[in-house]
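# A look at the structure
Now for the letters of each chain:
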Amino acid sequence: MLNSGSSSIKYQLFDMDSLAVLASGMVERIGEAQGHIIHKVRGSGSEDEKTIRRSLPVADHRQGFELMGQILSETGAIRHTSELAAMGHRVVHGGEKFQAPVIITEEVMETIRGLIPLAPLHNPANLTGIQVAREYAPEVRQVAVFDTAFHQTIPEHAYLYALPRSLYEKLQVRRYGFHGTSHFFVAKEAAVHLGRDFSDTNLITLHLGNGASIAAIKNGRCVDTSMGMTPLAGLIMGTRCGDLDPAIIFYLARETGMGLQELDALLNHDSGLKGICGDNDMRRITECAAQGDVHAELALDMFCYRIRKYIGSYLAVLGRVDALVFTGGIGENAAIVREKVCFGLAALGMGIAREKNLAATKGLRELQQDDGPLKVLVIPTNEELEIARQTIDVLLRRASCD
Ligand code: ADP
């Protein structure tokens, strides 16, 4: 599994049969004076885990791949790329073109390239990773797994904006949604835990990390999500503002003379939790709030209030909900966030038991009150595993067609 950013490559090597992680790592600071590679070799137990760190200049992604290949072979994980069944690449934006993962061809790459205007920061980096992987290991099949794909079932009345229709038809202006791989992964885990068919499961899933989004899932299909045409919409995030009156942008441009780039940077990098309290790290924010920092407290309250509003609206969208699912670094770890989100939701069936919420347990767990009519779950996400699973599914589907 590969996740290529503009200056990094994250990777995990899976055993295709057991889906066990054999090795994982990250090459970072590509193109900077000093690059880094962190590589973890997994044994059968956690005590067998070994971490290798190296610092050296990494000129470009091609060299990053070579380093990754070198360290994988040095540590005995694989001797040669020909031992790989496939490489699965995370691709952020699949637009309306990709509803499912695909084997990468020239045509697929061209289509992903055509979507760059919709994801100018992410798709070019993802494409670089794919390009280099194809050159580096031409004998290995490359598969693209899209962050947007799971949201492609959202109906027209939910994905269209109230703008002239021509903007959708000519410029693809619509809601796409992101974090699809994570929402899909935890939703399937929830259905298994509930003992329900996925196609008969209704869920509200909350992915709360540096980026944050919420999805409404009806009968196993996504019907709405909070991120929009870009990942800027919806919930309050680490540095992104989420939902905003669009006229504020015109007002700021008029009053301050800020240009498009400055406004873009303001809303994407200096807003959200950082804008409210000066910090975008939820761990520090909860610590400061506990010590009485009023701005940190406000950031926490605003963050949770926005989520509660979305939960209310998705309850109305879904009618019946089987479970509310928390995931992502904040969703999995910040008990205070889960407490504030669910506070007062007992009447809607989403009250949580204090001691269950505070228990220092890892892994999938239930938080609802004993008599709670629906489940409130914490489910650790695993996007890498989901990408590996989907990559294998594509190979198997292809094999059954051959
Ligand atoms: P990304 O979206 O980059 O994958 P993560 O899902 O790892 O990010 O989430 C990062 C966020 O999770 C940060 O705001 C971090 O502070 C928060 N977080 C991680 N652990 C804790 C914790 N124990 N308590 C509160 N927040 C936490």
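Residues numbered from 1 in each chain as written. Predicted model: local features only at pLDDT ≥ 70, side-chain atom pairs only at ≥ 80, totals over all residues. Heavy atoms only, no water.

### Considering the environment of methionine 237
Along the chain, methionine 237 turns up in the loop between β11 (221–225) and α7 (247–256). A relative accessible area of 0% places methionine 237 in the buried class. Sequence-distant contacts of methionine 237, defined by excluding residues within four places in its chain, comprise Asn210, Gly211, Ala212, Met227, Pro231, Leu232, Gly242, Gly272 and Leu273. (Helix = DSSP H or I, 4+ residues; strand = E, 2+ residues; numbered from the N terminus. Buried < 20%, exposed > 50% of the residue type's maximum accessible area, 1.4 Å probe, protein only. Contact = heavy atoms within 4.5 Å.)

### Here's the deal with the packing of α7 against helix α8 (residues 260–269)
Here α7 crosses α8 at 130°, and the two axes come no closer than 11 Å. Classed by the angle they form, the pair α7 and α8 counts as oblique. Once α7 is placed against α8, the crossing between them reads as right-handed. Packed against α7, whose contacting residues are Ile249, Leu252 and Ala253, the element α8 presents Leu263, Leu266 and Leu267 at the interface. Taken together, the residues of the contact of α7 with α8 break down into six nonpolar, no polar and no charged. (Axes fitted to C-alpha atoms, helices over the stretch in contact; angles between N-to-C directions. Parallel < 35°, antiparallel > 145°, perpendicular 65-115°, else oblique. Left-handed = near helix turned anticlockwise from the far one by under 90°. Nonpolar A, V, L, I, M, F, W, Y, C, P; charged D, E, K, R; others polar.)

### Brief notes about the pairing of strand β6 (residues 86–91)
Burial of β6 is extensive: five of the six residues sit out of reach of the surface. Sheet analysis places β6 next to strand β8 (residues 141–146), joined by six bridges and oriented parallel. Following the sheet pairing, glycine 88 is matched in β8 by valine 143. (Pairing = 2+ DSSP bridges.)

### Things to note about the sheet that holds strand β14 (residues 375–378)
Strand order across the open sheet formed by six strands is β11-β10-β9-β12-β14-β13, with mixed pairing between neighbours. Every other strand in the sheet has two partners, leaving β11 and β13 (365–366) as the edge strands with one partner each. Taken together, the six bridges between strand β9 (residues 203–208) and strand β10 (residues 212–218) define a ladder with antiparallel strand orientation. Bridge pairing links leucine 208 to alanine 212 in β10.

### Comments concerning the packing of aromatic side chains
A full pass over the atoms with the stated rule returns six aromatic pairs. When the ring of tyrosine 310 is compared with that of tyrosine 314, the centres are 5.8 Å apart and the planes differ by 75°; the resulting orientation is edge-to-face. Taken together, the residues span about one helical turn, with tyrosine 310 and tyrosine 314 both in helix α11 (residues 294–318) at a distance of four residues. Overall, the relative accessible area of 14% leaves tyrosine 310 in the buried class. Given the relative accessible area of 3%, tyrosine 314 is considered buried. Here the aromatic residues Phe150, Phe184 and Phe198 are joined through ring pairs into a cluster of three or more. Lying across the ring of tyrosine 159, arginine 174 places its NZ or CZ 3.6 Å from the centre. Across from the ring centre of phenylalanine 184, 4.1 Å away, lies the NZ or CZ of lysine 188, which sits over that ring. (Phe/Tyr/Trp six-rings, centres within 6.5 Å; stacked < 30°, edge-to-face > 60°. Lys NZ or Arg CZ within 6 Å of the ring centre and 35° of its normal.)

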